[in-house]
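As a plain string of letters, each chain reads:
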Amino acid sequence: MKSIKELEAIRERALKEIAIRDNENKTRIVVGMATCGIAAGARPVMNAFIEELNKRGINTVNVTMTGCVGVCRFEPIAEVIEPNGEKTTYVKLDAEKARRIVAEHIVNGRPVLEFTIGAAEK
Amino acid sequence: MRDLSLHILDIAQNAIAAKADLITISLTAEGRPAVLKVVISDNGRGMDPDFLEKVTDPFTTSRKTRQVGLGIPLLKQSAELAGGVFNIKSVVNEGTEVSATFPVDSVDRIPAGNVDDTLVMLIASHPEIDWEIRFASEDQQFEFSLADIKKALQGVSITNKHVQEWIQNTLSEGFRSVFGGVLDEVN
């Protein structure tokens, strides 16, 4: 293993950077990661969310996975759940769309309406 | 599923759903001709013999919303199409072990895919589980235990981005050092 000693240095650095406690007032991005989601390409979508958030240094958002959301034909699906409980469901995602959601919804606070389930069902 | 790493991601969710707190994922390439074996085992709630018997049927599932469950049947299909063998063992309240073998040289073997991505994602979403990862080939071995890492971190979260990066690099290096030259898609 790459030496567990390296972790000591990482630990020091991380302790300095901790500004916000985990899970408090955080926006959550939940990606559907059941068989249907995985087969439709949910893993690169989740990766893109994490990478884009890290690139922008945003640490007020948790990215997690969940099981089947129930509308498999719309996979890959991700839900953005804001601290006030407001939920936006995005469907038929790919990595590029995920990056746009971070830029427009998370950073600028404007949901990307064209990717939402409401737009897809019309 | 396009590759083995996606199957692993899928099957591991069953272990998570079974409320396991220890999940072991191992990948070994052994023998001549070489056979790649993936084993996912957990200490979750397990299945009773009746359910176990029909669990490879796509119309068997533990979910309540719908009577379809494709994760296990798809892995079985992938293994068997390549001339490999699928196996599942389970004991109620003790856990479940899913294994599948893939002859390395079969033209029908699905590629290993991005195994480190799968593992990092599983660990990041369920850091409370003690994940154990093992890679082994004839002459190389790699072991990774999240419990050891938690001990070393003392209070810093596994989901911290520097920690995540380290985990990703460690797993990806481990995977390449074990399977580079063994699986022709890994170099």
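Provided above is the structure to which this section pertains.
Now for a description of the structure that goes with this document. (Residues numbered from 1 in each chain as written. Chains lettered and ligands numbered in written order. Predicted model: local features only at pLDDT ≥ 70, side-chain atom pairs only at ≥ 80, totals over all residues.)

**Here's the deal with the pairing of strand β3 (residues 78-81) of chain A**
Residues and elements named next belong to chain A.
Next up, step 1: Only one face of β3 is covered, namely the one carrying Ala78 and Val80; the face carrying Glu79 and Ile81 has none of its residues buried.
Next up, step 2: Here four bridges tie β3 to strand β4 (residues 87-90), and the two strands are oriented antiparallel to one another. The partner of Val80 across the bridge, within β4, is Thr88.
Next up, step 3: Once β3 ends, the chain turns through five residues before running back antiparallel as β4, passing Gly85 with a positive phi of about 95°. (Buried ≥ 20, exposed ≤ 12 C-beta atoms within 10 Å, placed from the backbone. Helix = DSSP H or I, 4+ residues; strand = E, 2+ residues; numbered from the N terminus. Pairing = 2+ DSSP bridges.)

**Some details on the sheet that holds β3 of chain A**
Residues and elements named next belong to chain A.
Next up, step 1: Pairing within the open sheet is mixed, and its four strands lie in the order β2-β1-β3-β4. Edge positions in the sheet fall to β2 (61-66) and β4, since each has one partner strand and no second. On average, adjacent strands in this sheet sit at an angle of 20° to one another, irrespective of strand direction.
Next up, step 2: In this structure, strand β1 (residues 27-32) lies alongside β3, joined through four bridges in antiparallel fashion. Pairing of Ile29 across the sheet is with Val80, part of β3. (Axes fitted to C-alpha atoms, helices over the stretch in contact; angles between N-to-C directions.)

**Focus: the packing of helix α1 (residues 5-17) of chain A against helix α6 (residues 161-179) of chain B**
A pair of packed helices is characterised by two quantities: the angle between their axes and the separation of those axes.
Next up, step 1: Two elements in contact, α1 of chain A and α6 of chain B, have axes separated by 9 Å at closest approach and are oriented at 160°. By the criterion of interaxial angle, the relationship of α1 of chain A to α6 of chain B is roughly antiparallel. For the element pair α1 of chain A and α6 of chain B, the recorded crossing hand is right-handed. Where α1 of chain A abuts α6 of chain B, its residues Glu6, Leu7, Ile10, Arg13 and Ala14 of chain A lie against His162, Val163 and Trp166 of chain B.
Next up, step 2: Residues of the contact of α1 of chain A with α6 of chain B, tallied by class, amount to five nonpolar, one polar and two charged. (Parallel < 35°, antiparallel > 145°, perpendicular 65-115°, else oblique. Left-handed = near helix turned anticlockwise from the far one by under 90°. Contact = placed C-beta atoms within 7 Å. Nonpolar A, V, L, I, M, F, W, Y, C, P; charged D, E, K, R; others polar.)

**Examining the packing of helix α4 (residues 115-125) of chain B against α6 of chain B**
Residues and elements named next belong to chain B.
Next up, step 1: Packing of α4 against α6 leaves a shortest axis separation of 9 Å and a crossing angle of 145°. Note that α4 runs across α6; the crossing there is right-handed. Across the interface between the two elements, Val115, Asp116, Leu119, Val120, Ile123 and Ala124 from α4 touch Gln164, Ile167, Gln168, Leu171, Ser172 and Phe175 from α6.
Next up, step 2: For the contact of α4 with α6, the per-class residue count stands at eight nonpolar, three polar and one charged.

**A few points about the environment of Thr89 of chain A**
Residue and element names in this part refer to chain A.
Next up, step 1: Relative to the helices and strands, Thr89 resides in strand β4.
Next up, step 2: C-beta crowding within 10 Å serves as the criterion here: with 20 such atoms nearby, Thr89 is assigned to the buried category.
Next up, step 3: Sequence spacing of Thr89 and Ala40 is 49 residues, and the spatial spacing of their C-alpha atoms is 16 Å.
Next up, step 4: In this structure, Thr89 is in contact with Ile77, Glu79, Thr116 and Ile117, ignoring residues within four places of it in sequence.

**Looking at helix α1 (residues 4-17) of chain B**
Residue and element names in this part refer to chain B.
Next up, step 1: Under the 1.5 Å per step criterion, the end-to-end length of α1 is 20 Å for 14 residues, consistent within 8% with the ideal 20 Å.
Next up, step 2: Across the 14 residues that make up α1, a large majority, 12, are buried.
Next up, step 3: Every buried residue belonging to α1 is among Leu4, Ser5, Leu6, His7, Ile8, Leu9, Asp10, Ile11, Ala12, Gln13, Asn14 and Ala15, and all of these are buried. (Expected span 1.5 Å × (residues − 1).)

**Observations regarding the sheet that holds strand β3 (residues 86-91) of chain B**
Residue and element names in this part refer to chain B.
Next up, step 1: Pairing within the open sheet is mixed, and its six strands lie in the order β3-β4-β2-β1-β5-β6. Strands at the two margins of the open sheet, each flanked by one partner only, are β3 and β6 (141-145). Between one strand and the next, the sheet's axes are offset by a mean angle of 5°, whatever the strand orientation.
Next up, step 2: Examined bridge by bridge, strand β2 (residues 35-42) and strand β4 (residues 95-103) share eight bridges and lie antiparallel to one another. Bridge pairing in β4 links Val38 to Ala100.

**Re the environment of Ile58 of chain A**
All names here are of chain A.
Next up, step 1: Looking at where Ile58 falls in the secondary structure, it is placed in the loop between α3 (42-55) and β2.
Next up, step 2: C-beta crowding within 10 Å serves as the criterion here: with 13 such atoms nearby, Ile58 is assigned to the partly exposed category.
Next up, step 3: Sequence separation between Ile58 and Thr35 is 23 residues; the distance between their C-alpha atoms is 29 Å.
Next up, step 4: In this view, Ile58 contacts Leu53 and Ile106; residues no more than four positions away in its chain are not counted.

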